[in-house]
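In case you want the letters, here they are:
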Amino acid sequence: MANQKGALEGFYRLIMRRNSVYVSFIIAGAFFGERAVDYGVHKLWESKNVGKRYEDISVLGQRPVEE
Amino acid sequence: MVGGGFIQQILRRKLHSQSLATPVRSWLSSTKANVDAGSSGVRAFALLGAGVTGLLSFSTVASADEAEHGLACPDYPWPHDGILSSYDHASIRRGHQVYQQVCASCHSMSLISYRDLVGVAYTEEEAKAMAAEIEVVDGPNDEGEMFTRPGKLSDRLPQPYANESAARFANGGAYPPDLSLITKARHNGQNYVFALLTGYRDPPAGISIREGLHYNPYFPGGAIAMPKMLNDEAVEYEDGVPATEAQMGKDVVSFLSWAAEPEMEERKLMGFKWIFLLSLALLQAAYYRRLKWSVLKSRKLVLDVVN
């Protein structure tokens, strides 16, 4: 799949030579990757639901509060 | 056309294999031992044929009977339909207003608390003010007596009747159901409730409804105890949206959908995120499995017979 000069070969040399580096990469990658996925999905959600959020209610706070 | 012929081929192959019991077993086991890639394609076709046969055997499904289930209701384009669609929160707020002014005189929503509305349709101050408008009976005080106090955020929405018997007595023997879960408690709940609320009409010629009931084709049996409640301009919306019958129906069903499934938005976000991530994990797992198995899949066997 990857020859000596492929990008995956470089990835192997950098990350997968030592297992300690590999595991650290996985844990850190999972943490930051999940943050990135959460951010991306949230942005997608907001773009699809323009004007439907709670914050977009036009009459928010206008109910008479003093009784 | 082509698909039909294709499916027929599959079925013929599948039926043929079904009629020969023992040869099938040896055929299957021989294909398992056989490393040849072509026969695994045949196996895939056989499995597909089995699936299609199973599917077609379910084709004698009982079709819905209008006399038993009521008129089939159409599918309305709800703003919260779709994988990444949230509720329309302005609609939830208007729907709560409709509920409070039109429905709450007969229908309880005893599983919803005022605090549930905060951050969904009302601010905390608004919800507190709404709660304070009702009187709630609270537990024994230091003297052992029950007392009434103004409502708090933690209180449930008020019930119009003390118990089911009182509700039936006040409504000619019919019990107005609690609406907290109604869109989940009825088949195709959202569409059904909207169709029901807006579906009142004169009965067709020859059908007479007794005194006290009303004709509604969407209600199983056709005769419902609730009269038509949604009429144009019955409610004046805070945000100035014209309160037509259809608008009020849409808003109140949005509110009821939220009440039955408040977790929907979180559920959709979670589902999208994890299905996406697990698909990536599936790709990784498939690659890893094929990587590890490549040793075995590419081995050669040599028969070294001494004779």
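Residues numbered from 1 in each chain as written. Chains lettered and ligands numbered in written order. Predicted model: local features only at pLDDT ≥ 70, side-chain atom pairs only at ≥ 80, totals over all residues. Heavy atoms only, no water.

1. Section: the overall build of chain B
Each helix and strand counted, chain B has 11 helices and four strands in total. Counting over 307 residues, chain B shows a buried share of 33%. Counting only contacts in chain B whose residues sit at least 6 apart along the sequence, the fraction spanning at least 24 positions is 63%. In the form shown here, chain B has an accessible surface area of approximately 19,300 Å², with 60% of it arising from carbon and sulfur atoms. (Helix = DSSP H or I, 4+ residues; strand = E, 2+ residues; numbered from the N terminus. Buried < 20%, exposed > 50% of the residue type's maximum accessible area, 1.4 Å probe, protein only. Contact = heavy atoms within 4.5 Å. Areas by Shrake-Rupley, 256 points an atom, 1.4 Å probe, with all protein chains shown as cover.)

2. What about the side chain of Lys-268 of chain B?
The topology assignment puts Lys-268 of chain B in helix H11 (residues 264-297). At 6.2 Å, Asp-81 of chain B is the nearest oppositely charged side chain to Lys-268 of chain B, a buried residue that forms no salt bridge. If we skip the residues at most four places from it in the chain, Lys-268 of chain B touches Trp-45 of chain A together with His-80, Asp-81, Gly-82, Ile-83 and Ser-85 of chain B. (Lys, Arg positive; Asp, Glu negative; His and termini not counted. Salt bridge = Lys/Arg side-chain N within 4 Å of Asp/Glu carboxyl O.)

3. A look at the interface of chain A and chain B
Contacts between the two partners involve 23 residues from chain A, matched on the other side by 33 residues from chain B. Contact between chain A and chain B buries roughly 2,300 Å² in total, counting both sides, with carbon and sulfur atoms accounting for 66%. A per-residue breakdown of the area chain A buries against chain B is headed by Trp-45, Lys-52 and Arg-63 of chain A, which together make up 34% of the total. There are two salt bridges connecting chain A and chain B. Here Lys-273 of chain B and Asp-38 of chain A are joined by a salt bridge, their closest N and O atoms 3.0 Å apart. Summed over the shared surface of chain A and chain B, the number is nine residue pairs in polar contact (both at pLDDT 80 or more). When grouped by side-chain class, the residues that make up the side of chain A that touches chain B number 11 nonpolar, five polar and seven charged. (Buried area = accessible area lost by both parts, 1.4 Å probe. Polar contact = N/O pair within 3.5 Å; in protein donor to acceptor, adjacent residues only side chain to side chain. Nonpolar A, V, L, I, M, F, W, Y, C, P; charged D, E, K, R; others polar.)

4. Let's talk about the UniProt feature "binding site: heme c" (unreviewed entry) in chain B
Residues and elements named next belong to chain B. Annotation from UniProt places "binding site: heme c" (unreviewed entry) at Cys-103, Cys-106, His-107 and Met-226. A maximum C-alpha distance of 10.7 Å among these annotated residues, which run over 124 residues, shows that they cluster at one spot. Lining of the second largest pocket among the annotated residues: Cys-103, Cys-106, His-107 and Met-226. Relative to the helices and strands, Cys-103 is located in helix H5 (residues 89-103). The class for Cys-103 is buried, based on a relative accessible area of 16%. Relative to the assigned elements, Cys-106 resides in the loop between H5 and helix H6 (124-132). A residue is classified by how much of its surface remains accessible, and Cys-106, at 26% relative accessible area, is partly exposed. In this structure Cys-106 touches Pro-160, Tyr-161, Asn-171 and Pro-176, once residues within four positions along its chain are discounted. (UniProt positions renumbered as here; feature names shortened; annotations may be inferred. 1 Å grid on protein atoms, 1.4 Å probe; cavity = no way out; pocket = protein on both sides within 12 Å on 5 of 7 lines; lining within 4 Å.)

5. Side note on the layout of surface pockets
A volume near 960 Å³ is recorded for the largest pocket. Along the walls of the largest pocket sit 25 residues, with Phe-11, Met-16 and Tyr-22 of chain A together with Gln-284 and Tyr-287 of chain B positioned nearest its centre. The set of elements that each furnish at least two residues to the lining of the largest pocket consists of helix H1 (7-15) and helix H2 (19-48) of chain A together with H11 of chain B. Of the residues forming the lining of the largest pocket, the biggest block, 10 residues, is contributed by H11 of chain B. Classifying every residue of the lining of the largest pocket by side-chain character gives 19 nonpolar, three polar and three charged. Elements represented by at least two residues in the lining of the second largest pocket include exactly H5, helix H9 (189-198) and helix H10 (245-260) of chain B. (Points joined across faces, edges and corners; volume = space filled by probe spheres on them.)

6. Focus: the side chain of Arg-94 of chain B
Topologically, Arg-94 of chain B is positioned in helix H5. A residue is classified by how much of its surface remains accessible, and Arg-94 of chain B, at 9% relative accessible area, is buried.

7. Thoughts on the pattern of salt bridges
Charged atoms that come close allow side chains of opposite charge to pair. Residues and elements named next belong to chain A. Under the counting rule described, the total for this entry stands at 18 salt bridges over all chains. With a closest N to O distance of 3.5 Å, Arg-53 and Glu-46 form a salt bridge. Looking at Arg-53, the relative accessible area reads 32%, which means it is partly exposed. Take Glu-46: its relative accessible area is 27%, and that puts it in the partly exposed class. A salt bridge links Arg-53 to Asp-56, with the shortest nitrogen-to-oxygen separation between them at 3.2 Å. Through salt bridges with shared partners, a single network forms among Glu-46, Arg-53, Glu-55 and Asp-56.

8. Some thoughts on the nonpolar core
Within soluble globular proteins, side chains that are nonpolar generally end up buried alongside one another. All names here are of chain B. Membership of the largest hydrophobic core comes to 45 residues, with the highest contact counts inside it found for Met-109, Tyr-114, Phe-255 and Trp-258. Elements that contribute at least two residues to this core include exactly H5, H6, H9 and H10. Ranked by residue count, the leading element in this core is H10, at seven residues. Leave out the neighbours within four places in its chain, and Phe-255 touches Ile-92, Gly-95, His-96, Tyr-99, Met-109 and Leu-117. (Core = buried A, V, L, I, M, F, W, Y, C linked by side-chain atoms within 4.5 Å.)

9. Notes on the packing of aromatic side chains
Using the criterion set out here, one finds seven aromatic pairs over all chains in the structure. When the centroid spacing of 5.1 Å and the interplanar angle of 80° are considered together, the rings of Phe-31 of chain A and Phe-32 of chain A count as edge-to-face. With a relative accessible area of 52%, Phe-32 of chain A lands in the exposed category. Pairwise contacts between aromatic rings join Tyr-76, Trp-78 and Phe-194 of chain B into one cluster. Seen from the ring of Tyr-237 of chain B, Arg-94 of chain B lies directly overhead, with NZ or CZ sitting 5.7 Å from the centre. The ring of Trp-293 of chain B has Arg-289 of chain B sitting right over it, with the charged end atom 4.5 Å from the ring centre. (Phe/Tyr/Trp six-rings, centres within 6.5 Å; stacked < 30°, edge-to-face > 60°. Lys NZ or Arg CZ within 6 Å of the ring centre and 35° of its normal.)

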